[in-house]
Amino acid sequence: FDRNHGDGHGATKTVHILDYIVVKRHQKYGYIPERRNAKATGNQLIDEINCWEELANEPEGDLLCPLFKYFTSKSDKVSATSETMQRNVVIIAQKAVKVGSAERMCRKAEEMNRENGYRGENANSRYRKFEELSAKKNWRDVLYNGGNCGVIFDYEKKCYKAVIIDYAL
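Residues numbered from 1 in each chain as written. Predicted model: local features only at pLDDT ≥ 70, side-chain atom pairs only at ≥ 80, totals over all residues. Heavy atoms only, no water.

Things to note about helix α4 (residues 123-137)
Inclusion rule: Under the scheme used here, helices are H or I runs from DSSP no shorter than 4 residues and strands are E runs no shorter than 2 residues, and both carry numbers assigned from the N terminus. Expected helix span is given by 1.5 Å per residue-to-residue step, counting one fewer step than there are residues. Under the rule applied, a polar contact is a pair of N or O atoms within 3.5 Å (in protein, one hydrogen donor and one hydrogen acceptor; residues adjacent in sequence only if both atoms are side-chain atoms).
Over its 15 residues, α4 runs 21 Å from end to end, which matches the ideal 21 Å to within 8%, given 1.5 Å per residue. The N-cap of α4, judged by a side-chain oxygen 3.1 Å from the amide nitrogen of asparagine 124 a few residues on, is asparagine 122. Of the residues trailing α4, asparagine 138 is marked for its positive phi of about 60°.

Quick look at the structure:
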């Protein structure tokens, strides 16, 4: 999966969209932001992996789009922002069926559940959880950027749910 040409991209990464998954790669000359806090590495993909590892088995993990597999450089001599790490980091995640703002995706998941006969969380309750996690993690972009949330089908709960698809921002 090419680092510069995909189905979508931002300042940091290139995204390849397949039928049920997305593959995220760090762009060849992608943006390396200043570290915002002690946990931030400066490499958004590494930060996303670290966030997933921290929250996946916690209640807040339900708000994140699942990472199925990820690859990094396995050396203590390779920093998160080095070219080696940027070249080697790959994330494979579940593909969202819809993408948009947090509030809109919460409403869309509720609507899709109703239309398809599934029982899922109501939009207002889900959005409040997004607000709480965003405040706790200082992720303003999650709520207000139209491309950071999406709707996925949760195969375990058998319903659609809104999730953060671009996190650790």
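Further notes follow.
Considerations on the pairing of strand β2 (residues 13-17)
Filter applied, for reference: Only protein chains enter the area calculation, which uses a 1.4 Å probe; residues under 20% of their type maximum are buried, those over 50% are exposed, and those in between are partly exposed. When DSSP finds two or more bridges between a pair of strands, those strands are recorded as paired.
For β2, the tally of buried residues reaches four of five residues, placing the bulk of the element in the interior. Where strand β1 (residues 8-9) meets β2, two bridges bridge the pair, whose relative direction is antiparallel. By the bridge assignment, glycine 8 is partnered in β2 with valine 15. Here β2 pairs with strand β3 (residues 21-26) via five bridges, running antiparallel. Following the sheet pairing, lysine 13 is matched in β3 by histidine 26. Taking the residues that link successive antiparallel strands as the turn, the β2-β3 hairpin has three residues.

Notes on the environment of glycine 147
This is how it is decided: The contact criterion used is simple: two residues touch if any of their non-hydrogen atoms lie within 4.5 Å.
In this structure, glycine 147 sits in the loop between α5 (140-144) and β7 (149-154). Exposure remark for glycine 147: the relative accessible area of 33% places this residue in the partly exposed category. Note: C-alpha distance between glycine 147 and aspartate 166 (19 residues apart in sequence) is 7.8 Å. If sequence neighbours within four positions are ignored, glycine 147 has contacts with Val99, Gly100 and Ile165.

Considering the sheet that holds β7
Heads up, the rule is: Axis definition: a line fit to C-alpha positions, over the contact stretch in the case of helices; interaxial angles, taken between N-to-C directions, run 0 to 180 degrees.
Read from one edge to the other, the open sheet built from three strands follows the order β6-β7-β8, with strand pairing classed as antiparallel. Looking at which strands have only one partner, the edges of the open sheet turn out to be β6 (98-100) and β8 (159-164). Geometrically, the sheet is characterised by an average inter-axis angle of 30° between neighbouring strands, direction not taken into account. One ladder, built from six bridges, connects β7 with β8; its direction is antiparallel.

A few points about helix α3 (residues 102-116)
As a reminder, the rule being used: The directions considered for the arc run from the helix axis to the C-beta atoms.
Between its terminal C-alpha atoms α3 stretches 21 Å, which fits the 21 Å expected from 15 residues at 1.5 Å a residue. Three or more residues of α3 are buried, namely Ala102, Met105, Cys106, Ala109, Met112 and Asn113. When α3 is viewed along its axis, its buried side chains cluster within an angular range of 130° and face the same direction. Across from the buried face of α3, at angles greater than 90 degrees, the exposed residues are Arg114 and Glu115. Those residues of α3 that are buried lie in contact with β6, α4, α5, β7 and β8.

Looking at the sheet that holds β1
The five strands are arranged β1-β2-β3-β5-β4 in an open sheet whose pairing can be described as antiparallel. Two strands lie at the open edges of the sheet, namely β1 and β4 (67-71), each paired on one side alone. When β3 meets strand β5 (residues 90-94), the two strands line up antiparallel, connected through five bridges. Looking across to β5, one finds that valine 23 is bridged to isoleucine 92. With respect to the sheet, helix α1 (residues 44-55) is in contact with β2, β3, β4 and β5, its orientation differing from that of β4 by roughly 130°.

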